[in-house]
Amino acid sequence: MEEARHILRERGLHVKSLKGVKKTAIPLFFRKSARNEVTTISRQLATLLGSGTTLSDALTVIIRQIIDPSLNSALMEVQESIRRGVSFGTALEEYPQYF
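All of these numbers come straight from a predicted model, not from anything done at the bench.

Procedures and definitions
- For every chain, the first residue of the written sequence is number 1, and numbering continues from 1 along that sequence.
- Reporting of local features is limited, given that this is a predicted model, to residues whose pLDDT is at least 70; pairs of side-chain atoms are given and counted only at 80 or more, and all residues count toward the totals for whole chains, interfaces and linings.
- With hydrogens and water excluded, all non-hydrogen atoms of the structure serve as input to the side-chain values.
- Among buried residues, the Ala, Val, Leu, Ile, Met, Phe, Trp, Tyr and Cys ones that are joined through side-chain atoms within 4.5 Å form a nonpolar core.
- Remark: exposure states derive from per-residue accessible area (1.4 Å probe, protein chains only) relative to the maximum for the residue type, with buried under 20%, exposed over 50%, and partly exposed in between.
- For helices the rule is a DSSP run of H or I covering at least 4 residues; for strands it is a run of E covering at least 2, with both sets numbered from the N terminus onward.
- In what follows, a contact means two residues having at least one pair of non-hydrogen atoms within 4.5 Å.
- Here a polar contact is recorded for every N or O atom pair within 3.5 Å, except that within protein the pair must consist of a potential hydrogen donor and a potential acceptor, and residues adjacent in sequence are included only if both atoms are side-chain atoms.
- Axis lines are fitted through C-alpha atoms, for helices just across the contact stretch, and the angle between N-to-C directions can take any value from 0 to 180 degrees.
- In this scheme, roughly parallel covers angles under 35 degrees and roughly antiparallel covers those over 145, while 65 to 115 is roughly perpendicular and the rest are oblique.
- Left-handed describes a crossing in which the near helix is turned anticlockwise from the far one by less than a right angle; the clockwise case is right-handed.
- Classes in brief: Ala, Val, Leu, Ile, Met, Phe, Trp, Tyr, Cys and Pro nonpolar; Asp, Glu, Lys and Arg charged; the others, Gly included, polar.

Caption draft 1: Summary view of the nonpolar core. If you look at the biggest cluster of nonpolar residues, it comprises 18 residues, and the most contacted ones within it are Leu59, Ile62, Leu75 and Val78. Breaking this core down by element, the ones donating at least two residues are helix H2 (32–50), helix H3 (55–63), helix H4 (69–83) and helix H5 (88–93). For this core, the element with the most residues is H4, which contributes five residues. In contact with Ile62, other than residues within four places in its own chain, are Ile41, Gln44, Leu45, Leu48 and Leu75.

Caption draft 2: Quick peek at the side chain of Asp68. Relative to the helices and strands, Asp68 is located in the loop between H3 and H4. Reaching out from Asp68, the side chain makes a polar contact with the side chain of Ser70 at a distance of 2.7 Å. A polar contact is formed between the side chain of Asp68 and the backbone nitrogen of Leu71, at a distance of 2.8 Å.

Caption draft 3: Representation of the packing of H3 against H4. Between H3 and H4, the shortest axis-to-axis distance is 10 Å and the interhelical angle comes to 165 degrees. In terms of orientation, H3 and H4 fall into the roughly antiparallel class. In the crossing of H3 with H4, the sense of the turn from one axis to the other is left-handed. Contacts from Leu55, Ser56, Leu59, Thr60, Ile62 and Ile63 in H3 reach Asn72, Leu75, Met76, Val78, Gln79, Ile82 and Arg83 in H4. Partitioned by chemical class, the residues of the contact of H3 with H4 number eight nonpolar, four polar and one charged.

Below, the structure written as structure tokens:
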């Protein structure tokens, strides 16, 4: 909250009160930014795999570029599952909100 207050002050806005709100009930997949990121991830993954990059290395490259923290976390867990021997499809099934 203090960070939000600070940002608003920097923009010349004076805050009387600030109240936290619950995250939206809209599934993440339907939010435009997450949808766009998943589309970009799919394209990048196809390009990297097509060039001979391993799946694990391709995911490492993609994870470094993801803006959405929860999507980033999900892909890191997918990557870890793959390293443990879980198939890519099975690993993705754990995150139906994205994939």
